[in-house]
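The lines below spell out each chain.
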Amino acid sequence: MAKEDYEVIIGLEVHCELSTKTKIFCSCPTEFGGEPNLHCCPVCMALPGSLPVLNEKVVEYAVKAGLATNCSIAKNSKNDRKNYFYPDLPKSYQISQFDLPLCYEGQVNIDIGDGEKTIRIERIHIEEDAGKLNHDDYGRGSFVDLNRAGVPLIEVVSKPDLRSSLEAEAYLRKLKSIFEYIEISDCKMQEGSLRADVNVSVRKKGTEKLGTRTEMKNMSSFRSIVRAIEYEANRQIEVIEEGGTISQETLRWDDVSGKTFSMRDKEDAQDYRYFPDPDLAPIILSDEYIDNIRIGLPELPESRKKRYLNDYELSEKASEFVTSSKYYSNLFEDAIKVCNNPKSASNWIMSDIARILNEKEQEPDEIPFSGENLGELVKLIDDGKISSAIAKKVLVEMFETNKKPSVIIEEKGWIQISDEGAIKEVVLKILSENPQSIADYKAGKDKALGFLVGQAMKETKGKANPQMLNKLFIDELKK
Ligand code: ZN
Ligand code: MN
């Protein structure tokens, strides 16, 4: 059988660090980094006699996440102990949630260009993060840093609804976008604030039974996740085609070699012996509490998209793109307050800004300039002060220096030439240098006009007003 006869089934368990000021069960700061073991107390270190106290903000943020992903919220849930030994987990159990998660049965929609698809969410629960092991480069051993121990997490478990690496990426981007909109996490993947455990299995198309799955833990870049899923699905298909069987195991993805390696197998043999944490009270929520959080939710991407379609008459594609990130969307809204030109502002975001970010391998939250400055750039074009060719160069400068566009064009001498006399001079010069083009134009070759305008633009280093150039060339050619 060929590769095309197989279907890939992907499930994601997404861990997201919540941006509360303090940890989930003590008052240590959640700040990233810092001297090892500085953000620590007896609770973080699991000293005998220390007792956890649940941070109410964690519950609030998790409920926000649940409501924003269309989950039901449990009015009665609890914390459980998940028992396992690992050196970065001083209690030898993680406080998590087992059978009564805070949020359950939600869904989000994704669109990878072939229409909307609903991805079901099984549950969202709260839990504590573990510490970190720093392995010494000189073989002197491994050092434990407990600064991250007790940082609050939500874990979002999807149903196995994803069918390709692209769908997995779109789903993860959607979650990231929603969590940024509702401001529960900074979602910085490079700092591990958002990471995913990726489950992959394959089955022959048309069959019902799910194949044996493998799991890759703690993946924190979109690119690695896409590559790892593709590699792992192909590997599984090859094993099956050669008559072998897939064993359920945890794999490690190696970005350099582009391969997966076995870490430990028989994952299911792991028995976490969950039981309710006797040190923590059950989490009981009232309808009023949940409704208050629901009322306080900010406008979500779907609603913004509708508004952009109706109020600003943006295209479906533009509305989807601009609202895909809170940072794009806010940039857009601030820009149009200045330039009052939604179409142009959205075009700049979709084309040049997205392209530059892509080249720099950056995310929308790293755009260095404000929406006001983007608005000013659009206004400068609309007012005829700069051409769009110059505006592209101004944008590159805005990424480098974060100066106001008006200051950049002043400093660089990029202000558009709109003086008719000056432009006419250039037109006459270019015409005298290109008699063949005049003949071509008169013979009905309209392309010749484009060539002449191009030459004049070159002559003025892109500063001539293009509408004026066009008009003056036509006037002269008609003589
Ligand atoms: Zn602490
Ligand atoms: Mn977890």
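Higher on the page you've got the structure.
Cut-off values and rules
Residues numbered from 1 in each chain as written. Chains lettered and ligands numbered in written order. Predicted model: local features only at pLDDT ≥ 70, side-chain atom pairs only at ≥ 80, totals over all residues. Heavy atoms only, no water. Helix = DSSP H or I, 4+ residues; strand = E, 2+ residues; numbered from the N terminus. Buried < 20%, exposed > 50% of the residue type's maximum accessible area, 1.4 Å probe, protein only. Contact = heavy atoms within 4.5 Å. Areas by Shrake-Rupley, 256 points an atom, 1.4 Å probe, with all protein chains shown as cover. Lys, Arg positive; Asp, Glu negative; His and termini not counted. Charge placed at Lys NZ, Arg CZ, Asp CG, Glu CD. Pairing = 2+ DSSP bridges. Salt bridge = Lys/Arg side-chain N within 4 Å of Asp/Glu carboxyl O. Polar contact = N/O pair within 3.5 Å; in protein donor to acceptor, adjacent residues only side chain to side chain. Core = buried A, V, L, I, M, F, W, Y, C linked by side-chain atoms within 4.5 Å. Donors = N, O, S within 2.8 Å, 3.2 Å for Na, K, Ca; no water. Tetrahedral: all angles 85-135°; square planar, octahedral: opposite > 155°, others 65-115°. Axes fitted to C-alpha atoms, helices over the stretch in contact; angles between N-to-C directions. Parallel < 35°, antiparallel > 145°, perpendicular 65-115°, else oblique. Nonpolar A, V, L, I, M, F, W, Y, C, P; charged D, E, K, R; others polar. Phe/Tyr/Trp six-rings, centres within 6.5 Å; stacked < 30°, edge-to-face > 60°.

K.L.:
Is there a simple way to explain the overall build of the chain in this structure?
P.N.:
Within the chain, the regular secondary structure consists of 16 helices and 16 strands. For the C-alpha atoms alone, the extent of the chain along its principal axes is close to 95 × 55 × 55 Å. Looking at the chain as a whole, 48% of its 479 residues are labelled buried. Expressed as a percentage of contacts within the chain between residues at least 6 apart in sequence, the contacts between residues at least 24 apart total 69%. In the structure as shown, the chain presents an accessible area of about 24100 Å², 50% of it carried by carbon and sulfur atoms. Side-chain charges of the chain comprise 66 positive and 82 negative groups, with the mean position of each set lying 3 Å from the other.

K.L.:
Would you mind showing me how to read the sheet that holds strand β5 (residues 93-96) here?
P.N.:
Across the sheet, three strands lie side by side as β5-β4-β15; this open sheet has antiparallel pairing. In the strand order of this sheet, the two ends are held by β5 and β15 (275-276), each with one partner. Pairing between strand β4 (residues 80-83) and β5: four bridges, direction antiparallel. Bridging across to β5, Lys82 finds its partner in Gln94.

K.L.:
Help me out: how do you make sense of the pattern of salt bridges in this one?
P.N.:
If charged atoms from side chains of opposite charge come close, those side chains can pair. Overall, the coordinates contain 46 salt bridges when judged by the stated rule. Between Glu397 and Lys412 there is a salt bridge, with the nearest N and O atoms lying 3.8 Å from each other. Taken as a pair, Glu397 in helix α11 (residues 388-401) and Lys412 in helix α12 (residues 405-412) lie far apart in primary sequence, 15 residues in all. Judged by relative accessible area, Glu397 falls into the buried class, the value being 18%. In this structure, Lys429 engages Glu459 in a salt bridge whose closest nitrogen and oxygen atoms are separated by 3.0 Å.

K.L.:
What's the story with the side chain of Ser346 in this structure? I'm lost.
P.N.:
Relative to the helices and strands, Ser346 is located in helix α9 (residues 342-359). According to the relative accessible area criterion, Ser346 is buried, its value standing at 2%. Among the polar contacts made by the side chain of Ser346, one reaches the main-chain carbonyl oxygen of Lys343 at a distance of 2.9 Å. In this structure Ser346 touches Leu314, Ala318, Val322 and Phe332, once residues within four positions along its chain are discounted.

K.L.:
Is there a simple way to think about the nonpolar core in this case?
P.N.:
Val14, Leu102, Ile154, Val156, Tyr171, Phe179 and Val198 are the most contacted members of the largest nonpolar core, which has 72 residues in total. Per-element tally for this core: the top contributor is helix α2 (residues 56-68), with eight residues. Aside from chain neighbours lying at most four places away, what touches Tyr171 is Leu12, Val14, Val108, Ile110, Ile119, Ile121, Val156, Ser158 and Leu162. Ile336, Ile349, Ala354 and Ile356 belong to the second largest nonpolar core, which has 33 residues in total.

K.L.:
Hey, could you run me through the coordination of the zinc ion (ligand 1) in this one?
P.N.:
Tetrahedral coordination by four donors puts the ideal angle at the metal at 109.5 degrees, and octahedral coordination by six puts it at 90 or 180 degrees. Listed as protein donors to the zinc ion (ligand 1) are Cys26 (SG), Cys28 (SG), Cys41 (SG) and Cys44 (SG); their distances from the metal cover 2.2 to 2.3 Å. Seen from the zinc ion (ligand 1), its four donor atoms lie at angles of 103 to 122°, and the figure they make is tetrahedral.

K.L.:
When you look at the pairing of strand β11 (residues 194-204) in this model, what are you seeing that I'm missing?
P.N.:
Successive residues of a regular strand alternate their side chains across the two faces of the sheet. By the criterion of burial, β11 is predominantly enclosed, with 10 of the 11 residues buried. Sheet topology note: the strand β1 (residues 6-17)/β11 ladder contains 11 bridges and is antiparallel. The residue of β11 that forms the bridge with Ile10 is Val200. Two elements, β11 and strand β12 (residues 214-219), share four bridges in a ladder whose sense is antiparallel. Bridge assignment links Asn199 to a residue of β12, and that residue is Glu215.

K.L.:
Is there a simple way to explain the packing of helix α7 (residues 316-323) against helix α8 (residues 326-339) in this structure?
P.N.:
Between two packed helices, what matters for the description is the angle formed by their axes and the separation of those axes. With their axes 6 Å apart at the nearest point, α7 and α8 run at an angle of 110° to one another. Considered as vectors, α7 and α8 are oriented roughly perpendicular to each other. Residue-level inspection shows Phe321, Val322 and Thr323 of α7 in contact with α8, the latter providing Tyr328, Ser329 and Phe332. Of the residues in the contact of α7 with α8, the class split is four nonpolar, two polar and no charged.

K.L.:
What exactly am I supposed to notice about the packing of aromatic side chains here?
P.N.:
Ring pairs (aromatic) are described by centroid distance and by the angle formed between their planes. Taken as a whole, this structure holds nine aromatic pairs when the rule is applied. Both rings, one in Phe98 and one in Tyr274, keep their centres 4.1 Å apart while their planes meet at 10°; by these two values the pair is stacked. Within this pair, whereas Phe98 is found in the loop between β5 and β6 (103-111), its partner Tyr274 is found in the loop between β14 (259-265) and β15, the two being separated by 176 residues in sequence. Accessibility expressed as a relative area gives 27% for Tyr274, which makes it partly exposed. Through pairs of rings, three or more aromatic residues link up here, namely Tyr84, Phe98, Tyr272 and Tyr274.

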